[in-house]
Amino acid sequence: MFKIINMNWKIQKLNAGITIISKEPGNSMLPLLKSKQPVRLVPIRWDDCEKGDIVYCKVRGNCFTHLVKGKNAKTGLLIGNNHGRINGWTKHVYGKVVEILPMS
């Protein structure tokens, strides 16, 4: 019996070392990012991130493009939005925003 893992295409590409363009819906990152604002994500490991970085990550089963609010060697990165909400700690960080692209 095989277990089928349905992995997010963005995570697959970033894990393969490929830079991608992503458009995440929602207004939780305003005014930094608008809903579906395209961003360029480069692959990154959690321990290479710093407070203030915008990263693509998974927290409690959900994928977000959110801010790094804190960093701890044991628990990883504290992830939150741009309005004060904290999503939690994770080491499941796949990409870092290196460019915010214009809306098309």
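Structure's up top.
My aim in this report is to walk through the structure given alongside it, one point at a time. Not measured: the values here are computed from a predicted model. (Residues numbered from 1 in each chain as written. Predicted model: local features only at pLDDT ≥ 70, side-chain atom pairs only at ≥ 80, totals over all residues. Heavy atoms only, no water.)

**Quick look at the sheet that holds strand 2 (residues 38-43)**
In step 1: Strand order in the open sheet made by the 7 strands is 1-2-7-3-4-5-6, with antiparallel pairing throughout. What marks the edges here is a single partner per strand, and that holds for strand 1 (20-23) and strand 6 (86-90). For this sheet, the mean inter-axis angle between neighbouring strands, taken without regard to orientation, is 45 degrees.
In step 2: Pairing geometry for strand 3 (residues 54-59) and strand 4 (residues 62-72), over 6 bridges, is antiparallel. Bridging from a neighbouring strand, valine 59 pairs with asparagine 62 of strand 4. (Pairing = 2+ DSSP bridges. Helix = DSSP H or I, 4+ residues; strand = E, 2+ residues; numbered from the N terminus. Axes fitted to C-alpha atoms, helices over the stretch in contact; angles between N-to-C directions.)

**Considering unusual backbone geometry**
In step 1: Residue proline 31 is bonded to the preceding leucine 30 through a cis peptide linkage, with omega at 0 degrees.
In step 2: Structurally, the position occupied by proline 31 is in the loop between strand 1 and strand 2.
In step 3: Positioned with a positive phi, lysine 36 is a non-glycine residue whose angle comes to about 65 degrees.
In step 4: One non-glycine residue, arginine 60, lies in the positive phi region at around 50 degrees.
In step 5: With respect to the helices and strands, the residue arginine 60 is situated in the loop between strand 3 and strand 4.
In step 6: Here arginine 60 falls in the exposed class, since its relative accessible area comes to 69%. (Buried < 20%, exposed > 50% of the residue type's maximum accessible area, 1.4 Å probe, protein only.)

**Describing the side chain of aspartate 53**
In step 1: Within the fold, aspartate 53 resides in the loop between strand 2 and strand 3.
In step 2: Using a relative accessible area of 14% as the deciding quantity, one classes aspartate 53 as buried.
In step 3: Engagement of the side chain of aspartate 53 in a polar contact is seen with the backbone nitrogen of glutamate 50, the distance being 2.8 Å. (Polar contact = N/O pair within 3.5 Å; in protein donor to acceptor, adjacent residues only side chain to side chain.)

**Looking at the nonpolar core**
In a soluble, globular protein the nonpolar side chains are often hidden away together inside.
In step 1: Membership of the largest hydrophobic core is limited to 12 residues, which are Ile11, Leu14, Ile20, Met29, Leu33, Val39, Leu41, Ile54, Tyr56, Leu67, Tyr94 and Val97.
In step 2: Every element with two or more residues in this core is listed here: helix 1 (9-15), strand 2, strand 3 and strand 7 (93-100).
In step 3: Residue contacts for leucine 14: discarding those within four places in its chain leaves Ile20, Leu41, Val42, Pro43, Tyr56, Tyr94 and Gly95.
In step 4: Formed by 11 residues, the second largest nonpolar core is a distinct cluster that contains Val55, Cys57, Val59 and Phe64. (Core = buried A, V, L, I, M, F, W, Y, C linked by side-chain atoms within 4.5 Å. Contact = heavy atoms within 4.5 Å.)

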